[in-house]
Structures are given as C-alpha cells and as structure tokens.
Amino acid sequence: NVIDAFDALDKNDNGFITPNEFRYMLEDYGVYVSNKDIQVLINRYDKNNQGRVSYSDFCNEILPKSPKKIWYFIHTKILFNIDYIIKMTIIKWNI
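Residues numbered from 1 in each chain as written. Predicted model: local features only at pLDDT ≥ 70, side-chain atom pairs only at ≥ 80, totals over all residues. Heavy atoms only, no water.

Undergrad: I'm lost on the overall build of the chain in this one. Help?
TA: Secondary structure assignment for the chain yields six helices and two strands. Reading the chain from its N end, one meets helices and strands in the order α-β-α-α-β-α-α-α. Here the chain holds 95 residues, and 33% of them are scored as buried. In the chain, 53% of the contacts between residues at least 6 apart in sequence involve partners at least 24 apart. Total accessible area on the chain is roughly 6,100 Å²; 56% of this is exposed by carbon and sulfur atoms. (Helix = DSSP H or I, 4+ residues; strand = E, 2+ residues; numbered from the N terminus. Buried < 20%, exposed > 50% of the residue type's maximum accessible area, 1.4 Å probe, protein only. Contact = heavy atoms within 4.5 Å. Areas by Shrake-Rupley, 256 points an atom, 1.4 Å probe, with all protein chains shown as cover.)

This is how it looks when you write it as structure tokens:
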C-alpha cells in the first residue's frame, strides 16, 4: 500500500523522504542520477518547498487525480509497492 511504499523510501523513519533517500532507492535499481536530477525529482514531489518529501506530498503525487481512477484503484484493490513507485518515477521523469 502507499504507506509501505513511503516507509520503504523513508530509510531513517523520520517521516520524510530526503534527496539522498531518493538517490539510494534509484541506485538500488541501477539508476544513477545527477544532483540536478534528484533536485528535479524532489521539486516535483515537494509542494511546500521543504527540500524533502512528506507523506502528504508523496500521496498527492502518486495517487490518481480523477474520481474514476480513484474508484478503480479502490475497487480493484490495486496496492502500491516500491517497485511500482520506482518504475513510475523512472518512466515519468525519463531517468
């Protein structure tokens, strides 16, 4: 689920995903990015400009926006996992 995906990225359990935690996640999957790429990724998720991603920021970015898609995700019981998040991040940002 979304909480598990967030927790998998939040390695130090402080309630935020830092730039380094994003970097480590991508590197674990063999994706090596520049500091600029990481900053672009953080900026995409971090809507309140804290330099880190809160759970709320994370949910706002990965959950579907349309009511129809939300209904589909709820009723088909599709669960988010870290692999899904990584794949979508790489595809979305062409990393």
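On we go.
Undergrad: Explain the environment of valine 40 here, please?
TA: Position of valine 40 among the secondary structure elements: in helix 3 (residues 35-45). It is 10.0 Å that separates the C-alpha atoms of valine 40 and proline 19, two residues lying 21 residues apart in sequence.

Undergrad: Looking at this structure, how should I read unusual backbone geometry?
TA: Leaving glycine out, the prevailing phi sign among residues is negative, and the prevailing peptide bond configuration is trans. Positive phi, close to 55°, is recorded for aspartate 13, a residue that is not glycine. Note on placement: aspartate 13 falls in the loop between helix 1 (2-9) and strand 1 (16-17). Taking relative accessible area as the criterion, aspartate 13 reaches 63% and is therefore assigned exposed. Despite not being glycine, asparagine 49 has its phi angle at roughly 55°, a positive value. Along the chain, asparagine 49 falls in the loop between helix 3 and strand 2 (53-54). By relative accessible area, asparagine 49 is classed as exposed at 67%.

Undergrad: Is there a simple way to explain the packing of aromatic side chains in this structure?
TA: The geometry of an aromatic ring pair comes down to the distance between the two centres and the angle between the two planes. Per the counting criterion, the structure on display carries four aromatic pairs. Residues phenylalanine 6 and phenylalanine 58 carry aromatic rings whose centres are separated by 5.4 Å and whose planes lie at 65° to one another, so their mutual orientation is edge-to-face. Of this pair, phenylalanine 6 sits in helix 1 while phenylalanine 58 sits in helix 4 (residues 55-62), placing them 52 residues apart in sequence. Residue phenylalanine 6 shares its accessibility class with phenylalanine 58, and that shared class is buried. Ring centres of phenylalanine 22 and tyrosine 45 lie 5.3 Å apart, and the angle between their planes is 45°; on these two criteria the pair is classed as tilted. (Phe/Tyr/Trp six-rings, centres within 6.5 Å; stacked < 30°, edge-to-face > 60°.)

Undergrad: Hey, could you run me through helix 1 in this one?
TA: Because the α-helix completes a turn every 3.6 residues, residues three or four places apart line up on one side. Along helix 1, the residues that are buried comprise Val2, Ala5, Phe6 and Leu9. Here the buried residues of helix 1 occupy an arc of 95° about the axis, which is enough to place them on one side. (Arc of directions from axis to C-beta.)

Function cannot be read off these values alone, since they describe shape.
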